[in-house]
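Take a look at the letters that make up each chain.
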Amino acid sequence: MARASAGGVHLRGSRGRAFVGSLALATAVGATAGCQTPAPPSPSASVSPAPVWPPGAGPARIRWLAEVRGPADLGIQPGRLTRLWRWISGSETPRLVRPHGVAVDARGRLWVADPGARLVHVFDPVRRKYTTIPKRGDAPLLSPVAVTHDGRGTAYVTDSAAGLIRRFDPDGRSLGDWGRGELVRPTGAAFDSQAGLLWVVDTGSHKLVVYDEQGHIDRNVGERGSGVGRFNFPTHLTIDPGGRLFVTDTLNFRVQVLSPMGEPLFAFGEAGDGPGALSKPKGVALDRDGHVYVVDGMFDNVQIFDQEGRVLLHFGERGAGPGQFWLPAGLCIAAGSRIYVADGYNQRVQVFEYLGE
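Below is a summary of the structure that appears in this document. (Residues numbered from 1 in each chain as written. Predicted model: local features only at pLDDT ≥ 70, side-chain atom pairs only at ≥ 80, totals over all residues. Heavy atoms only, no water.)

On to the overall build of the protein chain, then. The number of helices and strands found in the protein chain is 1 helix and 28 strands. Every one of the 357 residues in the protein chain was classed for burial, and the buried ones make up 55%. Looking at the protein chain as shown, the accessible area adds up to about 14,900 Å², and 51% of this sits on carbon and sulfur atoms. (Helix = DSSP H or I, 4+ residues; strand = E, 2+ residues; numbered from the N terminus. Buried < 20%, exposed > 50% of the residue type's maximum accessible area, 1.4 Å probe, protein only. Areas by Shrake-Rupley, 256 points an atom, 1.4 Å probe, with all protein chains shown as cover.)

What follows concerns the packing of aromatic side chains. What characterises a pair of aromatic rings is the spacing of the ring centres plus the angle enclosed by the ring planes. Tallied over the entire structure, the rule returns 10 aromatic pairs. Centroid distance Phe 268 to Phe 305: 4.8 Å. Interplanar angle 45°. Geometry classified as tilted. With Phe 268 in strand β21 (residues 264-268) and Phe 305 in strand β24 (residues 301-305), the pair connects residues that are 37 residues apart, well separated along the chain. Overall, Phe 268 belongs to the buried group, its relative accessible area being 4%. Looking at Phe 305, the relative accessible area reads 0%, which means it is buried. Among the aromatic residues, ring-to-ring pairing joins Trp 53, Phe 315, Phe 325 and Phe 352 into one connected group. (Phe/Tyr/Trp six-rings, centres within 6.5 Å; stacked < 30°, edge-to-face > 60°.)

With that out of the way, let us pick up the environment of Gly 262. Along the chain, Gly 262 turns up in the loop between β20 (254-258) and β21. On the basis of relative accessible area, Gly 262 is assigned to the buried category, the value being 11%. Expressed as a C-alpha distance, the spacing of Gly 262 and Val 210, which sit 52 residues apart in the sequence, is 9.5 Å.

With that out of the way, let us pick up the sheet that holds β20. Here we have 4 strands laid out as an open sheet, ordered β18-β19-β20-β21, and antiparallel in their pairing. For this open sheet the edge positions go to β18 (234-239) and β21, each flanked by a neighbour on one side alone. Put simply, the sheet's adjacent strands are angled 20° from each other on average, direction ignored. Taken together, the 5 bridges between β18 and strand β19 (residues 245-249) define a ladder with antiparallel strand orientation. (Pairing = 2+ DSSP bridges. Axes fitted to C-alpha atoms, helices over the stretch in contact; angles between N-to-C directions.)

Quick look at the nonpolar core now. Soluble globular proteins tend to pack their nonpolar side chains together in the buried interior. Counting 18 residues, the largest nonpolar core has Ile 62, Tyr 293, Phe 315, Ile 339, Val 341 and Phe 352 as its most contacted members. Listing elements by their share of this core, those giving two or more residues are β5 (62-68), β23 (292-296), β24, β25 (311-315), β26 (328-334), β27 (338-343) and β28 (348-354). At 3 residues, β25 tops the list of elements feeding residues into this core. Counting 17 residues, the second-largest nonpolar core is a separate cluster that includes Leu 65, Val 68, Leu 110 and Phe 123. (Core = buried A, V, L, I, M, F, W, Y, C linked by side-chain atoms within 4.5 Å.)

Here we take up the environment of Val 201. Tracing the chain through its elements places Val 201 in strand β15 (residues 197-202). In this view, Val 201 contacts Arg 185, Pro 186, Thr 187, Gly 188, Lys 207, Leu 208, Pro 234, Thr 235, His 236 and Leu 237; residues no more than four positions away in its chain are not counted. (Contact = heavy atoms within 4.5 Å.)

What follows concerns the environment of Leu 142. Relative to the helices and strands, Leu 142 resides in the loop between β9 (129-133) and β10 (144-149). Leu 142 gets classed as partly exposed once you look at its relative accessible area, which sits at 39%. C-alpha of Leu 142 to C-alpha of Pro 115: the two residues are 27 residues apart in sequence and 7.2 Å apart in space.

Before going further, it helps to spend a moment on the pairing of β21. Across 4 bridges, the pairing between β20 and β21 is antiparallel. Residue pairing across strands places Val 255 opposite Phe 268, the latter belonging to β21. Connecting the antiparallel pair β20 and β21 is a turn made up of 5 residues, with Gly 262 showing a positive phi of about 95°.

With antiparallel pairing, the 4 strands of this open sheet are ordered in space as β22-β23-β24-β25. In this open sheet, the two strands that pair with only one neighbour each are β22 (281-286) and β25. Taken pair by pair, the neighbouring strands of this sheet meet at an average axis angle of 25°, ignoring direction.

A few words on the pattern of salt bridges. Across all of its chains, the model carries 20 salt bridges by this definition. Here Arg 230 and Glu 223 are joined by a salt bridge, their closest N and O atoms 3.0 Å apart. Look at the salt bridges and you will find they share partners, linking Glu 67, Arg 69, Asp 343 and Arg 348 into a network. (Salt bridge = Lys/Arg side-chain N within 4 Å of Asp/Glu carboxyl O.)

This is the structure in structure tokens:
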């Protein structure tokens, strides 16, 4: 349970342990689902000691691990032919340009949707391989925003500028598109493996669009508004083990929680600059203990809430150092503890670890 006070916020775990974390939010100017297994990296040896939250003498709950700007940060080096081709062609070493969506698939590969580069980066630290999607000859991506996977390894990439869901097999080969003429500006996406449904946030039409496994619309959820079950430019969502949906209702400054059928249950968050307030909520995910993590693109941080929407802790602030952000966006938590945050305008994905209650 948590209660805000002048001295901080107390989080009590299932065994009654508590910690205190400062929740002074930055006011800097600023602008999904699919994680299954953790992937390297290990804590960076170049940053010692690694930042932890809350800072101080108490037990740490969040630890910074590393940053990923390109394949080399995951120990992936190009082969001799690739190096030769880059030298001949003058091509640059691959790097993130403006990462937005992050996901980890069942193979432990990190997928990063990068609208700045108009592609999806696929990092395989286990096999030490790096590829990009789309492959040569496939239709180009205009603005890939989010990526998620189903139980068979199919990747679903939302292309917001094209108004499409692009589908790829586990090896990155195109499986065709969904949503043509049905979506205005798709952004966040999450696959409910138990129900066999793909949930897509259509920011442009202020609703959620639900697809079955054949690509047919199963239902639409919501419309524009500020009331219960209505949205105002929603952007991201995640699904908990029970099938409930957590949707960042961005310009209503809140997170809405829906039943597996899409019925509104409750919401938390409000406009403001105090603990628990939200300004530009974006990526959302849950750790293994059910805590809800919400990226805020305006505050340049990640806030952590309990299941009732009470704020527990935050980490991050405006900057370019370890644990600092500049317009962060997407969020993924792999295997309940490895946290990936797309740090968009710092051109990297930052990796953290949840250490437990």
